[in-house]
Amino acid sequence: MVVDNNYNVPRHVAIIMDGNGRWAMAKGKKRQYGHRQGSKTLETICKQAYDIGIEYITVYAFSTENWSRPKEEIDNLMNLLRQYLKSSLKNASRDNIKVRVIGDKNGLDDDIITSIERLEDGSKNNTGLQLQIALNYGGRDEIVRMTKRIISDFENNNININTINQKTIEEYLDTKDIPDPDLLIRTSGEMRISNFLLWQLAYTEFYFVQKHWPDFTIEDLKDAIAYYSNIERRYGKVKE
């Protein structure tokens, strides 16, 4: 389908890229094959999303809970991440994408942290799509880290506790300066948010897709936009 000019295109789309491993196993291949194909799908979607009118995409790449997976799969995911980060600097320059990584970077290996810093610094002046990649990220962990930073600033007399409000908290989140998602897409038929952007998804519309992430196409993204465009967002208000 074509995105009609009258459609209300979401400014920020969050995506839980679910089903990579199941997709691969259904084809008789190892889970790592699905993760590789999933990274290619992400690249394809990001190339075209900005032309549709989307300004921000935030993807759930590796959660704080994913460390409980088998060591072999984690090692394969980290190696894939290393390859992805290296190629992303070139791709971000080509496609004018600004990349930012959210999550607890301290839980990642030093070489991965260095690659993240290079990617963020090398793409910071790009003016197209803004891509946030959630690595070693959990919504509850983000809130804990945010709380610790506020307490630290309070103890150092950098913040007045009586002036803390919602805006203050947003300034301490990983997504500082990024608008909350308008639309969340989750693939693979699961209907939960799995500890993703717990604060930021307060008024986000949810769209669930049965197909696994490697099979997700730009047409599926357009279908999600069409769904979103038909929703009246009232933010707790009543229709006049």
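Quick caveat: nothing in here was measured; it's all calculated off a predicted structure.

Trainee: So what's going on with the packing of helix H2 (residues 31-52) against helix H3 (residues 71-95)? Which residues, and what values?
Mentor: Between H2 and H3, the least distance of the axes is 10 Å, while the angle of their chain directions is 20°. Between H2 and H3, the crossing angle belongs to the class labelled roughly parallel. Once H2 is placed against H3, the crossing between them reads as right-handed. Residue-level inspection shows Arg31, Gln32, His35, Arg36, Ser39, Leu42, Glu43 and Lys47 of H2 in contact with H3, the latter providing Glu73, Asn76, Leu77, Leu80, Tyr84, Asn91, Arg94 and Asp95.

Trainee: Tell me about the packing of aromatic side chains, residues and numbers included.
Mentor: The full count for this structure, using the stated rule, is eight aromatic pairs. Relative to tryptophan 67, the ring of phenylalanine 62 has its centre 4.8 Å away and its plane inclined at 75°; by these criteria the two rings are edge-to-face. Ring geometry for tryptophan 213 against phenylalanine 216: centres 5.2 Å apart, planes inclined by 20°, an arrangement best described as stacked. For tryptophan 213, a relative accessible area of 0% gives the class buried. What makes phenylalanine 216 buried here is its relative accessible area of 4%. Sitting above the plane of the tyrosine 33 ring, lysine 29 keeps its charged end 5.0 Å from the centroid.

Trainee: Just give me the short version of the side chain of threonine 175, but keep the residues and values in it.
Mentor: Structurally, the position occupied by threonine 175 is in the loop between helix H6 (166-172) and strand S5 (183-186). Residue threonine 175 is classed as buried on the basis of its relative accessible area, which comes to 9%. In contact with threonine 175, other than residues within four places in its own chain, are Arg100, Ile102, Glu142, Leu197 and Gln200.

Trainee: Describe the pairing of S5, naming the residues involved and giving the relevant values.
Mentor: If a strand is regular, its side chains alternate between the two faces of the sheet. Of the two faces of S5, the one carrying Leu183 and Ile185 and the one carrying Leu184 and Arg186 are both buried. Sheet topology note: the strand S1 (residues 12-16)/S5 ladder contains four bridges and is parallel. Its bridge partner lying in S5, valine 13 is registered against leucine 183. By the bridge criterion, four bridges tie S5 to strand S6 (residues 205-208) in an arrangement that is parallel.

Trainee: Can you tell me about helix H7 (residues 218-229), naming the residues and giving the values?
Mentor: Taking 1.5 Å per residue as the helical rise, H7 with its twelve residues ought to reach 16 Å, and the 16 Å between its terminal C-alpha atoms agrees with that figure. With nine of its twelve residues buried, H7 lies for the most part within the structure.

Trainee: Could you give me a rundown of the nonpolar core, with the residues and numbers involved?
Mentor: With 42 residues, the main nonpolar core has Ile57, Ile185 and Leu221 as its most contacted residues. It is H3 that contributes the most residues to this core, seven residues altogether. Setting aside residues no more than four positions away along its own chain, isoleucine 57 makes contact with His12, Val13, Ile15, Ile45, Ala49, Leu129, Gln130, Leu131 and Gln132.

About the thresholds
- Residues numbered from 1 in each chain as written.
- Predicted model: local features only at pLDDT ≥ 70, side-chain atom pairs only at ≥ 80, totals over all residues.
- Heavy atoms only, no water.
- Axes fitted to C-alpha atoms, helices over the stretch in contact; angles between N-to-C directions.
- Helix = DSSP H or I, 4+ residues; strand = E, 2+ residues; numbered from the N terminus.
- Parallel < 35°, antiparallel > 145°, perpendicular 65-115°, else oblique.
- Left-handed = near helix turned anticlockwise from the far one by under 90°.
- Contact = heavy atoms within 4.5 Å.
- Phe/Tyr/Trp six-rings, centres within 6.5 Å; stacked < 30°, edge-to-face > 60°.
- Buried < 20%, exposed > 50% of the residue type's maximum accessible area, 1.4 Å probe, protein only.
- Lys NZ or Arg CZ within 6 Å of the ring centre and 35° of its normal.
- Pairing = 2+ DSSP bridges.
- Expected span 1.5 Å × (residues − 1).
- Core = buried A, V, L, I, M, F, W, Y, C linked by side-chain atoms within 4.5 Å.

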